[in-house]
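A structural walkthrough
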Amino acid sequence: MHTLIVGFNHKTAPVELREKLSFSDDRLQMALRSLRDMKSILECVIVSTCNRMELYVVCDQLHTGEYYSKSFLESWFRIPREEFVDHLYIKQNQEAVDHLFHVVCGLDSLVLGETQILGQVKTAFLTAQSTGTTGTLFNMLFKQAVTLGKRVHAETEIGQNAVSVSYAAVELGKKMFDTFADKTILLIGAGKMSELTAKHFYSTGATRVLVVNRTLEKAEEMAKKFHGEARSWDQLIPSLAEADIVVSSTGASRAVLTKEMVEIAIQQRRSPIFMMDIAVPRDIDPGVHELDQVFLYDIDDLQGIVDANMSLREQEAEKVRAWIVNETKQFQDWLQTLGVVPLISALREKAISIQEETMARIERKLPELSEQEKRVLRKHTKSIVNQLMRDPIVRIKELATSSQKEDALDMFVYIFALEQQLKEKELEKERKTASVELKTSAFFDQKALIRS
């Protein structure tokens, strides 16, 4: 079995393509079943977000798994593969495992260390699991990945430092105010940056929003988003006197708030004003820095905080990358032991069969045994079997991860004479595969009949 990822993200595909090849939640289960029914694909999970689309598959052959994964995308979205194939990345086996671990830890995200992707991957896995498109390999891999992601966000600070200008403003505000619950925000201008900054303050508890803009209609449109109040431009100074937090982002070519205007507003209030000038050119006269009870920060101040925090995240990311190396090795070691599972199962079945036959002979020769005595004998004969098998099973698991794996497995089969048990298991597997293929063929024949 092989692990394969076929997908793209914000680094390899433009937003226009990401929009076209996005899976809707209401059809995701149908897509999973359709993908799993493709030739060569044994298990699958689909991760689809605004910044990435990835098909995770377990396949019996890498080249056919890749081919039919692309065929699935082509048929599902009805888009010629020539339009998207150049934007895809293909990751195989250990590289695929390593990539998944990077994704859940936020190391492959647009914003380093973001936490949302962990929940999205977990949801994608649970959806696939409930649909029945995961099996032994992905059940182990994705549970290990989600556990790693949780550990990263619990034991490191990779997601705890603001790395956007708008959120850095909120972090600064927290150093000045114990709470935003009783604070008034004044937005000067109705641009996207001021809206985003206000949204962070509002979601953190600020309850009152005033919007002043040269065009009153735009101020009203912005104010509605925060259940706030729109005001005309001539109400700027009175509004400033009411505000605890000021966010200014206009397209003016020179300062819209002078030192004198701010002085007038300060005289009408007793508490300090926290001001953020995120416009270029600046909206607020730098001379405002000289005023008491005013704390002014411009875009360079905020960007400096963002850069410092990004540096801290990078330091934490290095720690996480070391964890990922270890986690990838652990998964690969577990994967190696899968080859011994049929052997261990065959040995257990043979041992139990011998124990049961022995008990049957004892009961025939000693018919006077009570049920209590029979239970004691069964318990102790099973205990003997289990103790005899324990060390060989431990040793074969260890050898399964060594360079002598193939020879060790062959010797294990020879020593315990497991050829017949393995042959029976293979025949049973073939019967099940033939049954599934027959049902799948009948299903597609029925679909073709309906279409015709």
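This is a predicted model, so every value here is computed, not measured. (Residues numbered from 1 in each chain as written. Predicted model: local features only at pLDDT ≥ 70, side-chain atom pairs only at ≥ 80, totals over all residues. Heavy atoms only, no water.)

**Digging into a nonpolar patch on the surface**
Let me state the cut-off plainly: Put simply, a patch holds well-exposed residues, over 30% relative accessible area, that have no salt bridge, with like charges counted together within 9 Å and Val, Leu, Ile, Met, Phe, Trp or Tyr side chains within 5 Å. Here the Shrake-Rupley method, with its probe set to 1.4 Å, supplies the accessible areas, and only the displayed protein chains count as covering residues. Salt bridges are identified by distance alone: a Lys or Arg side-chain nitrogen within 4 Å of an Asp or Glu carboxyl oxygen. Each helix is a run of DSSP H or I of at least 4 residues and each strand a run of E of at least 2, with the numbering of both proceeding from the N terminus.
There is a patch of nonpolar side chains on the surface, built from Met-411, Tyr-414 and Ile-415 and spanning about 380 Å² of accessible area. With respect to the helices and strands, Ile-415 occurs in helix α15 (residues 405-415).

**Focus: the UniProt feature "domain: Glutamyl-tRNA reductase N-terminal" (unreviewed entry) in the protein**
Spelled out, the test is: UniProt positions are given in the numbering used here, feature names are shortened, and annotations may be inferred rather than shown by experiment.
Those places that UniProt annotates as "domain: Glutamyl-tRNA reductase N-terminal" (unreviewed entry) correspond, in this numbering, to residues 6-156. Annotation note: span residues 6-156, helix share 52%, strand share 16%, distance between end C-alpha atoms 30 Å.

**Section: the confidence of the model for the protein**
Worth spelling out the cut-off: What pLDDT reports is the predictor's confidence in each residue, on a scale of 0 through 100.
Overall, the prediction assigns the protein a mean pLDDT of 89, with 95% of residues at 70 or greater. Within the protein, the element-level pLDDT minimum falls on helix α16 (residues 419-451), averaging 62, and the maximum on strand β4 (residues 89-92), averaging 98.

**Description of the UniProt feature "domain: Quinate/shikimate 5-dehydrogenase/glutamyl-tRNA reductase" (unreviewed entry) in the protein**
Within the UniProt annotation, "domain: Quinate/shikimate 5-dehydrogenase/glutamyl-tRNA reductase" (unreviewed entry) is assigned to residues 171-305. Secondary structure across residues 171-305 comprises 38% helix and 20% strand; the distance between its end C-alpha atoms is 10 Å.

**Some details on the pairing of strand β1 (residues 2-9)**
Heads up, the rule is: Three labels apply to residues, based on accessible area from a 1.4 Å probe with only protein chains included: buried if under 20% of the type maximum, exposed if over 50%, partly exposed otherwise in between. Think of it this way: DSSP has to see at least two bridges between two strands before they count as a pair.
Taken across its eight residues, β1 has seven buried, putting it largely inside the fold. Two elements, β1 and strand β3 (residues 52-59), share eight bridges in a ladder whose sense is antiparallel. Its bridge partner lying in β3, Ile-5 is registered against Tyr-56. In the sheet, β1 pairs with β4 via four bridges, with the strands oriented antiparallel. Bridge assignment links Gly-7 to a residue of β4, and that residue is Tyr-89.

**So, the side chain of Thr-134**
The condition is simple: Definition of a polar contact: a pair of N or O atoms within 3.5 Å, with one able to donate and the other able to accept a hydrogen when the atoms are protein atoms, and with sequence-neighbouring residues admitted only if both atoms are side-chain atoms.
Positionally, Thr-134 belongs in the loop between α5 (116-131) and α6 (136-155). Judged by relative accessible area, Thr-134 falls into the buried class, the value being 15%. At 2.8 Å, the side chain of Thr-134 forms a polar contact with the side chain of Asn-139.

**Describing the sheet that holds strand β2 (residues 41-48)**
Rules: Fitted lines through C-alpha atoms give the axes, limited to the stretch in contact for helices. The angle between two N-to-C directions lies from 0 to 180 degrees. Here, residues are in contact when the closest pair of their heavy atoms is within 4.5 Å.
Strands sit in the order β2-β3-β1-β4 across an open sheet of four strands; the sheet is antiparallel. Each edge of the sheet is formed by a strand with only one pairing partner; in this case those strands are β2 and β4. If you compare each strand with its neighbour and ignore which way they point, the axes differ by 15 degrees on average. Lying on the sheet, α5 is in contact with β2 and β3; it crosses β2 at an angle near 145 degrees. Those strands touched by α6 are β1, β2 and β3, and its axis lies near 30 degrees from that of β2.

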